[in-house]
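Here's the letter readout for the chains.
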Amino acid sequence: MAEVVTKGTGEVERTADRAQVDVTFEALGADRSEAVSTLNQRISAVEPLLEDFEVRSRQLSVHDNWDNNQRVGSRAQQQYVIWVSDLDRLDGLLADLVQNEPSWVNGPSWTLVDDTEAIREAQKGAVADAQRRAEGYASALGKRLGPLLRIGDTDGGAHYSPRMASASFEMAGAAGMVDQLNLKAQQITVSASCTASWSLLD
């Protein structure tokens, strides 16, 4: 029995409803114990800021600093991964974190709390696209498209990514303090791809 194999893709857009913020605080000391002690003092003011947010991970890193094969003190770092689902509170959280002088802040990166519905809609689009292509080939051969024989994901199936350049922030104050971030949730493009095999009928 003759068959035709086609690939299909589908895409939908949704507005992100969760932000992820990665932030690192660090401290120096004459040795590792002093570095950790100083770091604990620093993050004692940070932890209360995070009580109403979902902290996905806390990771401690402690290591010695070296110069010309000689130890010149130690450094301790605490890394946080924070999820923010109430986006109205994102500006305030970032402003509070920056006021506590982190060594590094990255974010927000945007995601969907639940991508199930969006993925299913993208998958429907992918299947419809594959079927349209198969019908085109069948017509070109003077045949009719028969039943679906097999279908599977292509390139890992469904995934999503943010559209570029939709977040912005404003800096104010002589010391560079952040008092108005004005961050906007990005549009997330949810895509799916599939490979389908169809029978061809005379």
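Reading guide: rules and limits
Residues numbered from 1 in each chain as written. Predicted model: local features only at pLDDT ≥ 70, side-chain atom pairs only at ≥ 80, totals over all residues. Heavy atoms only, no water. Salt bridge = Lys/Arg side-chain N within 4 Å of Asp/Glu carboxyl O. Helix = DSSP H or I, 4+ residues; strand = E, 2+ residues; numbered from the N terminus. Buried < 20%, exposed > 50% of the residue type's maximum accessible area, 1.4 Å probe, protein only. Core = buried A, V, L, I, M, F, W, Y, C linked by side-chain atoms within 4.5 Å. Contact = heavy atoms within 4.5 Å. Expected span 1.5 Å × (residues − 1). Phe/Tyr/Trp six-rings, centres within 6.5 Å; stacked < 30°, edge-to-face > 60°. Pairing = 2+ DSSP bridges. Axes fitted to C-alpha atoms, helices over the stretch in contact; angles between N-to-C directions.

**Q** So what exactly am I meant to see when it comes to the pattern of salt bridges here?
**A** Side-chain pairs of opposite charge can arise whenever the charged atoms involved come near each other. If you walk through the whole model with that rule in mind, you get 11 salt bridges. A salt bridge links R32 to D64, with the shortest nitrogen-to-oxygen separation between them at 3.5 Å. Within this pair, whereas R32 is found in helix 1 (residues 32-43), its partner D64 is found in strand 3 (residues 54-67), the two being separated by 32 residues in sequence. The class for R32 is partly exposed, based on a relative accessible area of 48%. Each of R14, E117 and E121 takes part in one network of salt bridges that share partners.

**Q** What's the story with the nonpolar core in this structure? I'm lost.
**A** Nonpolar side chains in soluble globular proteins tend to end up buried together. With 40 residues, the main nonpolar core has F25, L50, Y80, I82, L90, L97 and V190 as its most contacted residues. The residues touching L50, leaving out its near neighbours within four places in the chain, are V55, Y80, I82, L93 and L97.

**Q** Got a minute to help me understand helix 3 (residues 116-140) in this structure?
**A** Owing to its 3.6 residues per turn, the α-helix aligns residues three or four sequence positions apart on the same side. With 25 residues, helix 3 should cover 36 Å at 1.5 Å per step; its first-to-last C-alpha distance of 36 Å lies within 8% of that length. Packed against the buried residues of helix 3 are strand 1 (3-15), strand 6 (144-153) and strand 8 (187-201). Of the residues trailing helix 3, G142 is marked for its positive phi of about 70°.

**Q** Explanation requested: the packing of aromatic side chains in the structure shown.
**A** The relative placement of two aromatic rings is captured by the distance of their centres and the angle of their planes. Applying the stated rule across the entire model yields 1 aromatic pair. Ring centres of F25 and Y80 lie 6.3 Å apart, and the angle between their planes is 80°; on these two criteria the pair is classed as edge-to-face. Pair noted here: F25 is in strand 2 (residues 18-29) and Y80 is in strand 4 (residues 70-84), with a separation of 55 residues, a long-range link. Among the residues examined, F25 registers a relative accessible area of 0% and is labelled buried. According to the relative accessible area criterion, Y80 is buried, its value standing at 1%.

**Q** Is there a simple way to explain the sheet that holds strand 3 in this structure?
**A** Strand pairing in a sheet relies on backbone hydrogen bonds. The paired strands run either parallel or antiparallel. Taken in spatial order, the 4 strands make up an open sheet running 3-4-2-5, and their pairing is antiparallel. Single-partner strands in this sheet number two, and they are strand 3 and strand 5 (104-111). The average angle at which neighbouring strand axes cross in this sheet is 15°, direction not considered. Sheet analysis places strand 3 next to strand 4, joined by 12 bridges and oriented antiparallel. From the neighbouring strand, L60 faces strand 4, where its bridge partner is Q78. Each of strand 2, strand 3 and strand 4 is contacted by helix 1, which is oriented at about 135° to strand 2, the strand it contacts most.

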